[in-house]
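# Fold and contact review
Each chain is listed here by its residues.
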Amino acid sequence: MKNKIALITGITGQDGSFLAELLLDKGYEVHGIIRRSSSFNTGRIEHLYIDELLKDMHINRKVKLHYGDMTDSTNLIRLIREIKPDEIYNLAAMSHVKVSFEVPEYTADTDGVGTLRLLEAVRFLGYENRTKIYQASTSELYGKVVEVPQTEKTPFYPRSPYGVAKLYGYWITKNYREAYNMFAVNGVLFNHESERRGETFATRKITLAAARIKKGTQEKLYLGNLDAKRDWGYAKDYVECMWLMLQHEKPEDFVIATGEMHTVREFTTLAFKEVGIELEWQGEGVDEKGVDKVTGKVLVEVDPQYFRPAEVEQLLGDPTKAKTLLGWNPTKTSFEELVKIMVKNDIKLVEREERIRREFD
Ligand code: NDP
Ligand code: GDR
């Protein structure tokens, strides 16, 4: 039987890199769209296309990379015509909620209209019946929460240009499914993190800081809203669900979450505990501080520059549908294990940084 062909937009991102590994493991021919950038942006997937690294890691297929952009429809049409994918995973996005307030129009173009360009490319080529499409939708659609926990039926109320752009992506995916009978589905994924998470997202910023503070290369961690609550899972477990959704007999939308919620403060406490520092929280609001119980040193402070013009206070997903229909296990990696994985990775990273610094000193 012919190997299946997958096209991943956003392959250089956190999820794209894990998904590419999963699909290669399953025997897929994997193609990815990368953007031209002035310096390398392929750090997360180097091991999937450089021959020596492939050999070292016993991987016997490599990904095929193509230049492209979600803002360029002719490029998308040409690539899809050349690749003829069985499955497209649309993960490309300007994915930072706070940054979307700074670049709202670009966010709408990439995350909203970009999704339309992709769906329309498939339709234009007459591939409606050959190509299945996964759309990376998000818990940010729920925004100002009207119901806890959130399910596939909970109404949306996005709170950022990112959330609003993704709302368009969600509905245009559903619309193309209903209008043209396409296998196009939304995975409404709640926050998922990993050792490959971008360094400006809350969790990775915290685990890196904990490691650097422990090793003495950073003094303090500055955070925004410590009371924000999120349903945090492990990215590697979540990409499996993306694949399962495209193997399901019917095109349907799914909520993917753990069903457990923690505050940013809790995540911080646990990350510091992992490096052997016990934090005590003192003060309130912008004056709240995380203090080292042993030395009395202030290690965490609130900096209002990290507050958002409109905040999503709490998100908690109900993964019952994915559990029942896809047989997916939402708690394969627990919250505690997730923090451990990230901190362990960042300790190693900081040690490597230190070695390099010493060599050049
Ligand atoms: P990342 O920010 O790590 O990756 C985003 C990817 O999109 C990168 O490969 C980036 O390329 C690419 N990209 C950005 N803009 C464009 C563009 N104009 N054209 C082509 N590619 C572009 O995100 P994640 O991996 O965390 O998330 C994957 C998807 O899932 C995103 O759509 C995100 O919005 C969504 N999502 C993520 C969740 C999470 O918790 N991680 C939860 C719910 C949804 P480059 O490397 O060049 O910047
Ligand atoms: P989020 O993730 O906005 O949920 O979007 P992020 O990690 O950026 O923020 C989570 C919560 O932490 C609070 N916070 C801070 N956030 C950042 N980035 N930096 C800080 O210093 C900080 N301090 C507190 C935030 O206010 C927020 O409440 C992520 C992205 O991956 C989206 O693409 C995805 O759709 C959603 O998750 C689900």
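These numbers come from a predicted model, not from an experiment.

A word on the overall build of the protein chain. A count of helices and strands for the protein chain gives eleven helices and 15 strands. For the protein chain, whose C-alpha radius of gyration is 21 Å, the value lies close to the compact-globule estimate of 21 Å for 361 residues. For the protein chain, the spread of C-alpha atoms along the three principal axes comes to 65 × 50 × 40 Å. Buried positions account for 43% of the 361 residues belonging to the protein chain. Residue pairs at least 24 apart in sequence account for 74% of intrachain contacts in the protein chain once pairs closer than 6 positions are excluded.

Right, let's get into the packing of helix H3 (residues 73-83) against helix H5 (residues 104-124). The interhelical angle for the contact between H3 and H5, taken along N-to-C directions, is 45°, at an axis separation of 9 Å. Judged by the angle between their axes, H3 and H5 are oblique. For the pair H3 and H5, the crossing hand works out as right-handed. Facing H3, whose interface residues are Ser73, Leu76, Ile77 and Ile80, H5 presents Arg117, Leu118, Ala121, Val122 and Phe124.

Mapped onto the secondary structure, Ala257 falls in the loop between strand S11 (254-256) and strand S12 (262-263). Sequence spacing of Ala257 and Thr331 is 74 residues, and the spatial spacing of their C-alpha atoms is 8.8 Å. Look past the residues within four positions of Ala257 in its chain and what remains in contact with it is Phe190, Asp231, Gly233, Gly317, Asp318, Pro319 and Pro330.

Turning our attention to the nonpolar core. With 86 residues, the main nonpolar core has Ile8, Leu19, Ala20, Tyr89, Ala210, Ile256 and Ala271 as its most contacted residues. Both domains that meet at this core, namely domain 1 (5-189) and domain 2 (202-226 + 264-312 + 340-360), each give it at least three residues. Discounting chain neighbours no more than four positions away, the residues touching Ala20 are Ile8, Ile11, Val30, Gly32, Ile45, Leu48 and Val63.

Looking now at the sheet that holds strand S14 (residues 289-292). Overall, mixed pairing links the four strands, which are arranged S8-S15-S14-S13 in an open sheet. Unpaired on one side and paired on the other, strand S8 (221-223) and strand S13 (279-282) mark the two borders of the sheet. Across the sheet, the mean angle from the axis of one strand to that of its neighbour is 20°, orientation sign disregarded. Sheet topology note: the S8/strand S15 (residues 298-302) ladder contains three bridges and is parallel. Bridge pairing links Tyr222 to Glu301 in S15. In the packing of helix H9 (residues 264-274) onto the sheet, contacts are made with S8, S13, S14 and S15, and the angle to S13 comes to roughly 150°.

Once that is clear, we can look at the site of ligand 2. Neighbouring residues of ligand 2: 23 residues in total, closest Ser95, Thr138, Ala202, Gly224 and Ala228. Every element with two or more residues in the shell around ligand 2 is listed here: helix H4 (97-100) and helix H7 (202-215). At three residues, H7 tops the list of elements feeding residues into the shell around ligand 2. Residues belonging to the shell around ligand 2 are distributed by class as follows: nine nonpolar, eight polar and six charged. Each of domain 1 (5-189) and domain 2 (202-226 + 264-312 + 340-360) gives at least three residues to the shell around ligand 2.

A few words now on the site of ligand 1. Taken together, 26 residues lie near ligand 1, and Gly10, Gly13, Ala92, Ala93 and Ala136 sit nearest. In terms of residue count, helix H1 (residues 14-25) provides more of the shell around ligand 1 than any other element does, three residues in total. A breakdown of the residues in the shell around ligand 1 according to their chemical character gives eight nonpolar, 15 polar and three charged.

We now examine the sheet that holds strand S3 (residues 64-67). In space, the seven strands of this open sheet follow the order S3-S2-S1-S4-S5-S6-S11, with parallel pairing throughout. Since the sheet does not close on itself, it has two edges, and those belong to S3 and S11, each with one partner. Within this sheet the neighbouring strands show an average axis-to-axis angle of 20°, counted without direction. This element, H1, spans strand S1 (5-9), strand S2 (29-34) and strand S4 (87-90) of the sheet and lies at about 160° to S2. Packed onto the sheet, helix H8 (residues 235-247) meets S4, strand S5 (132-138), strand S6 (184-189) and S11 and runs at close to 155° relative to S6.

Here the focus is H5. The end-to-end C-alpha distance of H5 is 28 Å, a good match for the 30 Å that 21 residues give at a rise of 1.5 Å each. All of the buried residues in H5 are Thr107, Ala108, Thr110, Asp111, Gly112, Gly114, Thr115, Arg117, Leu118, Leu119, Ala121 and Val122. The inward-facing, buried residues of H5 contact H3, S4, H4, S5, helix H6 (161-180) and S6.

A few words now on the domain arrangement of the protein chain. One can read the domain layout of the protein chain as domain 1 (5-189) and domain 2 (202-226 + 264-312 + 340-360). Taking only C-alpha atoms into account, the centre of domain 1 sits 31 Å from that of domain 2. Listed per partner, the contact involves seven residues of domain 1 and five residues of domain 2. Of the residues that constitute the side of domain 1 that touches domain 2, the class distribution is two nonpolar, two polar and three charged.

So, on to unusual backbone geometry. The omega angle of the peptide bond from Val148 to Pro149 is -5°, so this bond is cis rather than trans. Within the element layout of this structure, Pro149 appears in the loop between S5 and H6. Look at Asn181: it is not a glycine, yet its phi comes out positive at around 65°. As for its placement among the helices and strands, Asn181 is situated in the loop between H6 and S6. Residue classification places Asn181 among the exposed residues on the basis of 11 C-beta atoms within 10 Å.

Calculation rules
Residues numbered from 1 in each chain as written. Chains lettered and ligands numbered in written order. Predicted model: local features only at pLDDT ≥ 70, side-chain atom pairs only at ≥ 80, totals over all residues. Helix = DSSP H or I, 4+ residues; strand = E, 2+ residues; numbered from the N terminus. Rg over C-alpha atoms; globule rule 2.2 N^0.38 Å. Buried ≥ 20, exposed ≤ 12 C-beta atoms within 10 Å, placed from the backbone. Contact = placed C-beta atoms within 7 Å. Axes fitted to C-alpha atoms, helices over the stretch in contact; angles between N-to-C directions. Parallel < 35°, antiparallel > 145°, perpendicular 65-115°, else oblique. Left-handed = near helix turned anticlockwise from the far one by under 90°. Core = buried A, V, L, I, M, F, W, Y, C linked by C-beta atoms within 7 Å. Domains from an automatic or database assignment. Pairing = 2+ DSSP bridges. Near = placed C-beta within 6 Å. Nonpolar A, V, L, I, M, F, W, Y, C, P; charged D, E, K, R; others polar. Expected span 1.5 Å × (residues − 1).

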